[in-house]
Amino acid sequence: MDFTKRQTRIINMLKQTSPLTSEKIAGNLELSVSTIRPDLRFLTSVEILNARPKVGYEFKGNQLLNFDYDHIYQTPISEILLLYQTPISEILLPTTEIKASDTLQVAVGKLFLKDVGSLYVVNEKGDLVGLISRKDLLRASLNNSNVQSMMASIIMTRMPNIITATPDMSVIEAGKLLLLHKVDSLPVVEKQSSRHAIGKITKNRIFQHFIEIGMKTINN
């Protein structure tokens, strides 16, 4: 099993002294707790570390799980979406799509009614032409009291400035894009040159992918 440099430092630190709180570990690494939290979650999920409530993290030993890392990281995101038992054509519900001519009031209603992080703006052909995030709507609502008449096209991020993924993209590729562009989700389009959105991939879905495989390995 290969670990990142930071994960290796955490493991070596806890081999020498256990248990340690996340604050103590972060302090020793001169990093914030939020920065190392994904590493601690991962190392705990693969049972390298043991998390003890109100005590901290401790090294659990060399009980490494037989993870197939090629399978975990190179899995096409289409398979992750299928894990949710939802046909890929239905993942992007019509209620998460709006038209460029819709008002911000309509956008706010759809976004919060379905509790989604972003809305996809489509044209008459159903092609993706823009994207509106919660932050976009909040910023526009604070700066403009006339949300009943302002159109979505005014505040949306327009193509080709929207980062998209394709169904054949691997988990690691999609994860890198999410981290690089500091977004919580990416629209999934049919193919690289297409603008027809057929779903979305999120940080939470990728994280759940790791946990589901980890739990299956533990149970086996």
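Please refer to the structure placed before this passage.
To start, this report covers the structure provided alongside it.

Reading the values: the criteria
- Residues numbered from 1 in each chain as written.
- Predicted model: local features only at pLDDT ≥ 70, side-chain atom pairs only at ≥ 80, totals over all residues.
- Heavy atoms only, no water.
- Pairing = 2+ DSSP bridges.
- Helix = DSSP H or I, 4+ residues; strand = E, 2+ residues; numbered from the N terminus.
- Contact = heavy atoms within 4.5 Å.
- Axes fitted to C-alpha atoms, helices over the stretch in contact; angles between N-to-C directions.
- Parallel < 35°, antiparallel > 145°, perpendicular 65-115°, else oblique.
- Left-handed = near helix turned anticlockwise from the far one by under 90°.

1. Side note on the sheet that holds strand β4 (residues 118-122)
The strand order β3-β4-β5-β6 describes an open sheet built from four strands, whose pairing is mixed. Two strands in the sheet have a free side with no partner beyond their single neighbour: β3 (97-99) and β6 (157-158). Seen against the sheet, helix α6 (residues 104-113) touches β3, β4 and β5 (128-133) and runs at an angle of roughly 130° to β4.

2. With respect to the packing of helix α2 (residues 22-29) against helix α3 (residues 33-45)
As a packed pair, α2 and α3 sit with axes 9 Å apart at the nearest point and diverge in direction by 110°. Overall, the two elements α2 and α3 adopt an arrangement that is roughly perpendicular. When the axes of α2 and α3 are compared, the crossing they make is right-handed. Contact residues: α2 offers Ser22, Glu23, Ile25, Ala26 and Leu29, while α3 offers Val33, Ile36 and Leu40.

3. Section: the pairing of strand β1 (residues 49-52)
Sheet topology note: the β1/strand β2 (residues 56-59) ladder contains four bridges and is antiparallel. Paired with Ala51 across the two strands is Tyr57, which belongs to β2.

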